[in-house]
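Results of the structural survey
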Amino acid sequence: MSSVIADKKLFLTAFAINFCISLGFCMTDSFFSIYYKSLGAEALLIGFSAASYQLAKALLGPVLGKIADYKGYIKVIVSSVILYLFVAAAFLIVTNIYFLIGIRLIQGIACAALRPVLYGFINLKMNRACRSETFGTFDIAFYAALALGPLLGGVVSRYAGIAGIFHLTFILCIIALVLCIPLIKQEYGCPARRTFYARSLQFSKTEIAMYVFIFGKASSLACFTVYYPIYLIGNGLSSFETGIVLSCSAIGMCFFIKPMGRLADISSKPLMVFIGGCSVSLMYFWLPEHISFYNVSVFSFLCGAFGAMSQPAGVSLLMQNRYQGRDASMMGIFNSVMGLGFAFGAVFSSGIADRFGINEAFTASGIIGFISTLLFLAIIKTETAFPRFMKESIIHKN
């Protein structure tokens, strides 16, 4: 680890904060709609609660990232964890269905701040030659929580109900806040840069290419995941088996994201993004015809493994082509574009499935993925740093 990041303790602290928050709210998000409906909320209010969370997360990411770049990362990280703790406490106390929409809005604000700012924070103290491996290792925290959260939430809810999930999430938030103490003692954080705002609207072609790619990737993933559980249950899998199959994708990501990040550091990052994007899109066309628990589990695992090819390479490519002092704001824009892609994909897939059927929605997801990957290639090939997929030099812009 020492060759990857200069301060191992700093990295592990940020990793643990990311894992605790992600695990707690992966559990909560998996069962919130069930809980909300049990309080008497109708479909419209359930939609409003989800929309308030997603819109806050999508729209405020660039703003909160800019604040973090300007005021310092640690302040925003701690504030975000405190907001998460407030949301977890509110879930334990608040039962008014209208107030809970506001609570979900606050959760979206916290989410918009935490992950982009953690990326910028980690980027301050890393070996630049190992940037992809570092981000890949850091993302294990999120994808491990994504794989474990629904399963752990199911076990907790079976024995302690939804309240048990909320209590466990509250405890995890307290742990995350305690973990922030060593960060507060550090003197990291971006110093005030008044010149930052004058350059904030400039985008390189690499940035534009990555934003196009992540919008298409998110849209493609949303098209697929909206109807994948319905498809599995409709073909005879139980709810428990379906949950495991859905977790296999995140497990595949966890297994391969670090080695793929290491590979991206010694090869062409754009090429890794291109191959990963095409591979996942191709998988959507190869959905098993004969459904069994085994073959769809392998299918989901491979989707996660191929997705790991593009994830650390893409984030690293974005960061190494950044303008000085824009780490968190750039990741905020990245996450916002991804959120908008998810929203578009969900709406688009609904229209395709209603008119043509679920299988055609899967086909559409693959097509969207291919188109966005080809657009990424077309845009980034005009970047002077990327002629003919040659290994790019490591660019220091610090």
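Structural data are supplied above this passage.
Below you will find a few notes about this structure. (Residues numbered from 1 in each chain as written. Predicted model: local features only at pLDDT ≥ 70, side-chain atom pairs only at ≥ 80, totals over all residues. Heavy atoms only, no water.)

**Section: the overall build of the chain**
- The helix and strand tally for the chain stands at 12 helices and zero strands.
- By the burial criterion, 53% of the 398 residues in the chain qualify as buried.
- A separation threshold of at least 6 residues defines the contact pool for the chain, and within that pool the share at least 24 residues apart is 86%.
- Entry remark: accessible area of the chain is about 17200 Å², with carbon and sulfur atoms responsible for 70%. (Helix = DSSP H or I, 4+ residues; strand = E, 2+ residues; numbered from the N terminus. Buried < 20%, exposed > 50% of the residue type's maximum accessible area, 1.4 Å probe, protein only. Contact = heavy atoms within 4.5 Å. Areas by Shrake-Rupley, 256 points an atom, 1.4 Å probe, with all protein chains shown as cover.)

**Remarks on the packing of aromatic side chains**
- Throughout the structure, instances matching the rule amount to 18 aromatic pairs.
- With 5.3 Å between their ring centres and 85° between their planes, Tyr231 and Phe362 make a pair best called edge-to-face. Within this pair, whereas Tyr231 is found in helix 7 (residues 205–234), its partner Phe362 is found in helix 12 (residues 358–380), the two being separated by 131 residues in sequence.
- Three or more aromatic residues joined by ring pairs make a cluster, and in this case those are Phe11, Phe15, Tyr119, Phe135 and Phe138.
- Directly above the aromatic system of Phe32 lies the positively charged group of Arg104, at a separation of 4.6 Å from the ring centroid. (Phe/Tyr/Trp six-rings, centres within 6.5 Å; stacked < 30°, edge-to-face > 60°. Lys NZ or Arg CZ within 6 Å of the ring centre and 35° of its normal.)

**Considerations on the packing of helix 7 against helix 11 (residues 327–355)**
- One can describe the packing of helix 7 onto helix 11 by two numbers: an axis separation of 6 Å at closest approach and a directional angle of 40°. As far as their axial angle goes, helix 11 and helix 7 are oblique. Between helix 7 and helix 11 the crossing geometry is right-handed.
- In terms of residue class, the contact of helix 7 with helix 11 is made up of 21 nonpolar, five polar and one charged. (Axes fitted to C-alpha atoms, helices over the stretch in contact; angles between N-to-C directions. Parallel < 35°, antiparallel > 145°, perpendicular 65-115°, else oblique. Left-handed = near helix turned anticlockwise from the far one by under 90°. Nonpolar A, V, L, I, M, F, W, Y, C, P; charged D, E, K, R; others polar.)

**Concerning the nonpolar core**
- Formed by 85 residues in total, the largest nonpolar core has its most connected members in Phe25, Tyr36, Tyr84, Phe91 and Phe376.
- Counting residues per element, this core draws most heavily on helix 4 (residues 97–124), which supplies 14 residues.
- Residues within four places of Tyr36 in sequence aside, it is in contact with Ala41, Leu45, Ile46, Ser49, Ile97, Leu100 and Ile101.
- Counting 20 residues, the second-largest nonpolar core is a separate cluster that includes Tyr231, Leu232, Ile291 and Ala364. (Core = buried A, V, L, I, M, F, W, Y, C linked by side-chain atoms within 4.5 Å.)

**Focus: the packing of helix 5 (residues 131–185) against helix 8 (residues 239–266)**
- As a packed pair, helix 5 and helix 8 sit with axes 8 Å apart at the nearest point and diverge in direction by 170°. Judged on the interaxial angle alone, helix 8 and helix 5 are roughly antiparallel.
- Each residue belonging to the contact of helix 5 with helix 8 can be placed in one class, and the counts come to 13 nonpolar, six polar and six charged.

**Considering the pattern of salt bridges**
- Tallied over the entire structure, the rule returns three salt bridges.
- Residue Asp29 pairs with Arg104 through a salt bridge whose shortest N-O separation is 3.0 Å. Of this pair, Asp29 sits in helix 1 (residues 8–38) while Arg104 sits in helix 4, and the two are 75 residues apart along the sequence.
- When its relative accessible area of 7% is taken as the criterion, Arg104 is described as buried. (Salt bridge = Lys/Arg side-chain N within 4 Å of Asp/Glu carboxyl O.)

**Examining helix 7**
- Between its terminal C-alpha atoms helix 7 stretches 44 Å, which fits the 44 Å expected from 30 residues at 1.5 Å a residue.
- Of all the bends in helix 7, the greatest reaches close to 35° and is centred on Tyr228; the proline Pro229 follows between one and four positions later.
- Immediately beyond the C-terminal end of helix 7, within one or two residues, lies Gly236, with a positive phi of roughly 100°. (Expected span 1.5 Å × (residues − 1). Bend = angle between axes of the 7 residues up to and from the residue.)

**Some points on the side chain of Thr169**
- Within the fold, Thr169 resides in helix 5.
- Looking at Thr169, the relative accessible area reads 1%, which means it is buried.
- Setting aside residues no more than four positions away along its own chain, Thr169 makes contact with Gly24, Phe25, Met27, Thr28 and Ala88.

**Observations concerning a nonpolar patch on the surface**
- On the surface, a cluster of nonpolar side chains totalling about 570 Å² of accessible area is made up of Leu282, Phe285, Trp286, Ile367, Ile371 and Leu375.
- Only helix 9 (269–285) and helix 12 provide two or more residues apiece to the nonpolar patch.
- For the nonpolar patch, the element with the most residues is helix 12, which contributes three residues.
- Residue classification places Ile371 among the partly exposed positions, given a relative accessible area of 46%. (Patch = residues over 30% accessible without salt bridge, like charges linked within 9 Å, V, L, I, M, F, W, Y side chains within 5 Å.)

**Considering the layout of surface pockets**
- Taken as a whole, the second largest pocket holds about 240 Å³ of empty space.
- Surrounding the second largest pocket, Pro150, Leu151, Gly154, Val155, Pro229, Ile233, Ser239, Phe240, Thr242, Gly243 and Leu246 form its lining.
- Broken down by secondary-structure element, the contributors of at least two residues to the lining of the second largest pocket are helix 5, helix 7 and helix 8.
- At five residues, helix 8 tops the list of elements feeding residues into the lining of the second largest pocket.
- Its residues placed into classes, the lining of the second largest pocket shows seven nonpolar, four polar and no charged. (1 Å grid on protein atoms, 1.4 Å probe; cavity = no way out; pocket = protein on both sides within 12 Å on 5 of 7 lines; lining within 4 Å. Points joined across faces, edges and corners; volume = space filled by probe spheres on them.)

**Remarks on the state of the cysteines**
- In the structure shown here, the tally under the stated rule is zero disulfides.
- Cysteine Cys20 is unpaired, with the sulfur of Cys173 as its nearest cysteine sulfur at 8.7 Å.
- In this structure Cys111 is not part of a disulfide, and its nearest cysteine sulfur, from Cys26, lies 9.6 Å away. (Disulfide = S-S within 2.5 Å.)

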